[in-house]
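Summary of structural features
These are the residues of each chain, in order.
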Amino acid sequence: MKKSNVPDIRKRVLFVEDNEKIMSNNLWFFNRAGYMAIATLTLNDARASLNECRPDVIVLDIMLPDGSGLDFIRELRASDKADIPVLLLTGLSERDDIVRGLSEGGDDYLTKPYDFQVLLARVEALVRRSERVPETIIKDRLSLNLTANIAFLDTDLLLAQKEFALLLIFAQNEGRFISAEYLYKKVWKGLTNDSQALKLAIHRLRTKINGSGWFIEWSRGEGYCFQKG
């Protein structure tokens, strides 16, 4: 089956839940609601999934077979994915449990049993909150100032307008393959018929961000992907 040239723009929700029945129900409900629901049954599975793609929200149980969800949150907050919102979904319902979960870095807390519509509403609230455009995006040594449209790698990278626009799209979609057609339409907006313009701009961008720890991968049939090297 031929892959679409348009990136999958569904929001990704990573579920970390060892109860397979609960997981199955969550996946069914969220997929029907228009999300891309990703299933992981252990913390190690969740770590592997995070290395492959960046979710928009993590829905995390606390009591898992290979450790505590709270330890996982502390690990996440100390990483380059610290800004991913986390909703704790757990059977621990005492006040002290809720306070501890939020204090350790959880963005929201919902106890089992729960209503699917309530869970969906809370996930959507976290997605909206995370979509607020920041003034600066930081990727280790690489930073983008969205107010001035300037990127820095210790010093100003002196990016051209379209180079900055490409880098911004990549930084906002870390770990996701984006087709050349999509990038071309998004950045050039049909103002030129030069099909080489995108390739040349990405070549210049790759050169300028060299040494940042990030690279732009290309894969036939999938497009370009901004990844940590």
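Here, the structure is the one placed above.
Report on the accompanying structure. (Residues numbered from 1 in each chain as written. Predicted model: local features only at pLDDT ≥ 70, side-chain atom pairs only at ≥ 80, totals over all residues. Heavy atoms only, no water.)

1. Points about the packing of helix 6 (residues 161-172) against helix 7 (residues 180-188)
Test applied: Axis lines are fitted to C-alpha atoms, over the contacting stretch for helices. Their N-to-C directions set the angle, which ranges from 0 to 180 degrees. Numbering of helices and strands starts at the N terminus; helices are DSSP runs of H or I of at least 4 residues and strands are runs of E of at least 2. Geometric relationships in this document are graded by angle, where less than 35 degrees denotes roughly parallel, more than 145 denotes roughly antiparallel, 65 to 115 denotes roughly perpendicular, and other angles denote oblique. Take the far helix as your reference; a near helix turned counterclockwise from it by less than a right angle gives a left-handed crossing, and one turned clockwise gives a right-handed crossing. Should any heavy atoms of two residues lie within 4.5 Å, those residues are counted as being in contact. Ten residues, namely Ala, Val, Leu, Ile, Met, Phe, Trp, Tyr, Cys and Pro, are considered nonpolar, four, namely Asp, Glu, Lys and Arg, are considered charged, and the remaining ones, Gly among them, are considered polar.
At a minimum axis distance of 10 Å, the contact between helix 6 and helix 7 shows a crossing angle of 130°. Classified by the angle between their axes, helix 6 and helix 7 sit oblique to one another. Of the two possible hands of crossing, helix 6 and helix 7 adopt the one that is right-handed. Note on element contacts: helix 7 touches helix 6 through L183, K186, V187 and W188, opposite K162, A165, L166, I169 and F170. Classifying every residue of the contact of helix 6 with helix 7 by side-chain character gives seven nonpolar, no polar and two charged.

2. Quick word on the side chain of T40
In plain terms, the rule: The classification of residues rests on relative accessible area computed with a 1.4 Å probe and restricted to protein chains. Under 20% of the type maximum is buried, over 50% is exposed, and intermediate values are partly exposed. Distance and chemistry together define a polar contact, namely a pair of N or O atoms within 3.5 Å, with one atom able to donate a hydrogen and the other to accept it when in protein, and with adjacent residues in sequence counting only for side-chain atoms on both sides.
One can find T40 in strand 2 (residues 36-40). T40 sits in the buried class, given a relative accessible area of 4%. From its side chain, T40 meets the backbone oxygen of F15 in a polar contact 2.7 Å long. Other than its neighbours up to four places away in sequence, T40 contacts L14, F15, V16, E17, M23, D45, A46 and S49.

3. Some words on the environment of G34
Looking at the secondary structure, you find G34 in the loop between helix 1 (20-32) and strand 2. Spatially, the C-alpha atoms of G34 and K11 are 7.9 Å apart, while their sequence positions differ by 23 residues.

4. Comments concerning helix 5 (residues 116-130)
Note the cut-off: The span one expects for a helix is its residue count, reduced by one, times 1.5 Å. Along the arc lie the directions from the helix axis toward the C-beta atoms.
The first and last C-alpha atoms of helix 5 sit 21 Å apart over 15 residues, in line with the 21 Å expected at 1.5 Å per residue. What helix 5 keeps buried is the set L119, L120, V123, L126 and V127. Buried residues in helix 5, looked at end-on, bunch into an arc of 125°, giving them a common side. Summarising the geometry of helix 5, the exposed residues directed more than 90 degrees from the buried face are Q117 and R128. At its buried positions, helix 5 is contacted by strand 1 (12-16), helix 1, strand 3 (57-60), strand 6 (86-90) and strand 7 (108-111). Structurally, the start of helix 5 carries an N-cap: the backbone nitrogen of Q117 is 2.8 Å from a side-chain oxygen of D115.

5. Digging into the pattern of salt bridges
Opposite charge on two side chains permits pairing when their charged atoms draw close. Short version of the rule: The rule for a salt bridge is simple: a side-chain nitrogen of Lys or Arg has to be within 4 Å of a carboxyl oxygen of Asp or Glu.
Evaluated as defined, the whole model comprises 20 salt bridges. In this structure, the salt-bridge partner of K81 is E174, at a minimum N-O distance of 4.0 Å. Within this pair, whereas K81 is found in the loop between helix 3 (69-77) and strand 6, its partner E174 is found in the loop between helix 6 and helix 7, the two being separated by 93 residues in sequence. As far as burial versus exposure is concerned, K81 and E174 are alike and both buried. With a closest N to O distance of 2.8 Å, K208 and E163 form a salt bridge. With K208 in helix 8 (residues 197-209) and E163 in helix 6, the pair connects residues that are 45 residues apart, well separated along the chain.

6. Observations concerning the environment of K162
Topologically, K162 is positioned in helix 6. Separated by 20 residues in sequence, K162 and L142 place their C-alpha atoms 17 Å apart.

7. Re the nonpolar core
Where we set the bar: Residues belong to one nonpolar core when they are buried, are Ala, Val, Leu, Ile, Met, Phe, Trp, Tyr or Cys, and are joined through side-chain atoms within 4.5 Å.
Core analysis: the biggest nonpolar cluster contains 30 residues, and L144, L166, F170 and L183 have the highest contact counts within it. Residue contacts for L183: discarding those within four places in its chain leaves L166, I169, F170, I178, W188, L198, I202 and Y224. Of all hydrophobic cores here, the second largest spans 20 residues; its members include V16, I62, I84 and Y109.

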